[in-house]
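Notes for the structure review
Chain residues, written in single-letter form:
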Amino acid sequence: MNKKAAYRPDELIFLMAVIIFYISVLLNLTVIKVRFGQVYTLCMYLQKLSYILLAISVLFQTYRTSNFYIGIIMICVSVIAAITSGESIVMWGVIAIVAGNCTNSRKVIKAVLITQIVVFAITFILCGAGVIQDYIFDPETRARHSLGFTWTTTPIIIFMFMIMEYCYLRSRDLTLFEICLLEVLMTILFVLTNTRMCYAVTTLMLIVIALNKYFKWRPANKVKKNTGKGMVIIPWIIFAFVLTVSFMYSNSASWEKVNLFFNFRLSLAHNAINTYGIHLVGNPIKWIGFGYGGIDGIYNYVDSSYIQALLSYGVLFMIMILAVYSCIFKHAKKNGYAIVIAAALLISITEPRLWNLTFNPLPFLLIDAVKDRNSFSTQEVVSNLSLIHISEPTRHLR
């Protein structure tokens with residue numbers, strides 16, 4: 001297999017574009033851009049360069065007819081979402097995935113992971129040497145270290161996805177020692193950043209992988225057998241659940257306890273739906289949250305990927321996201337990394353990273369999923385969706 005791993009020119013251009021893109025967006029998440037103003041300017045130019053290389057890569061590729069039409073539909077939906085939301089990066093993310101037709105998912109994920117490791121190492125070294133600040137958020141209560149990034153949750157969220165990428169790449173070859181080492185590193189980051197949900201989801205994922213792989217955990221095997229083709233609709237079920245709960249939220253005592261458990265994310269999602277509404281093709285919303293420079297305006301940030309994407313990019317784009325993850329999930333089950341995708345879908349309930357390629361490169365797994373003809377069937381999705389009982393709030397939207 002290694003003898004056939006030579007890179008073609010279009011593949012080299014694409015992978016170069018991906019690496020340049022991730023260098024620019026990851027550096028933008030660090031205090032390096034604050035400490036050195038030239039870095040911010042450099043990142044802007046690097047990002048534009050990556051877009052140019054992606055466009056070149058798309059134009060000089062050959063596509064199978066079916067893949068070509070899938071790519072055209074995805075790009076059209078993303079262009080509409082970009083125009084209506086005012087966020088062009090959502091379009092370029094889809095173009096990057098379509099351009100990946102020239103390579104395979106493993107090469108892309110490996111390139112992203114190496115880039116992330118390098119940026120992490122540079123940031124931690126500069127932070128440890130005192131060149132950039134380790135800003136501590138909430139010093140009197142939780143003492144959450146930023147570790148050289150512009151927000152305290154950023155390093156642990158990126159590292160969580162790095163672990164997912166590593167588990168995907170190693171897949172069936174992952175050893176118990178590696179699993180334990182990843183958990184130790186994640187625990188260290190948790191202690192420093194005090195970010196509970198990322199730590200809990202990552203730990204649960206690693207435990208399930210270990211139990212299933214090394215201890216032949218029967219419940220995990222039963223889940224595999226019983227879900228089977230039904231895995232295709234798991235993203236849709238999670239979305240329906242999150243949307244329904246967000247609609248049903250009220251100021252009652254029982255709901256307030258649930259809302260407190262999720263750090264008030266539920267009430268923010270409910271208020272956002274009522275304030276901005278749900279549109280077919282998106283809505284220009286300025287999400288205001290906390291960051292390195294404090295908060296500029298009234299806090300309205302919705303952390304749930306499902307609600308934020310729905311409100312910002314519209315129903316059409318949300319359907320596309322769910323279809324992409326359905327395709328990836330089916331392929332993941334066949335190739336032994338379904339738990340990784342399940343963890344990504346789970347953390348996206350409380351983190352806006354489901355389609356944020358800056359943090360989460362897992363949508364690039366669609367490249368291999370589409371090339372595998374048996375990984376996805378539209379008829380299968382429709383037949384499985386018919387099993388879902390749509391809740392009243394969701395039915396009202398339709």
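Refer to the structure printed above.
Report on the accompanying structure. Quantities reported herein were computed from a predicted structural model and do not represent experimental measurements.

With that settled, consider the overall build of the chain. Of the regular secondary structure elements, the chain holds 18 helices and two strands. Counting over 398 residues, the chain shows a buried share of 51%. Considering only residue pairs separated by 6 or more positions, the chain has 74% of its internal contacts joining residues 24 or more positions apart. Accessible surface for the chain amounts to roughly 19,400 Å². Of this, 66% is attributable to carbon and sulfur atoms.

What follows concerns the side chain of Arg144. Mapped onto the elements, Arg144 comes out in strand S2 (residues 144-145). On the basis of relative accessibility, which here comes to 8%, the residue Arg144 falls in the buried class. Only 2.9 Å separates the side chain of Arg144 from the backbone oxygen of Thr193, close enough to count as a polar contact. A polar contact is formed between the side chain of Arg144 and the side chain of Thr195, at a distance of 3.3 Å. Leaving out residues up to four positions away in the same chain, Arg144 has contacts with Tyr135, Ile136, Phe137, Asp138, Thr152, Thr153, Leu192, Thr193, Asn194 and Thr195.

On to unusual backbone geometry. The phi torsion at Leu147 lies on the positive side, around 55°, for a residue other than glycine. Positionally, Leu147 belongs in the loop between S2 and helix H7 (154-170). Phi at Asn194 is positive, roughly 55°, even though this residue is not glycine. Within the secondary structure, Asn194 is located in the loop between helix H8 (176-193) and helix H9 (196-214).

The rules we used
Residues numbered from 1 in each chain as written. Predicted model: local features only at pLDDT ≥ 70, side-chain atom pairs only at ≥ 80, totals over all residues. Heavy atoms only, no water. Helix = DSSP H or I, 4+ residues; strand = E, 2+ residues; numbered from the N terminus. Buried < 20%, exposed > 50% of the residue type's maximum accessible area, 1.4 Å probe, protein only. Contact = heavy atoms within 4.5 Å. Areas by Shrake-Rupley, 256 points an atom, 1.4 Å probe, with all protein chains shown as cover. Polar contact = N/O pair within 3.5 Å; in protein donor to acceptor, adjacent residues only side chain to side chain.

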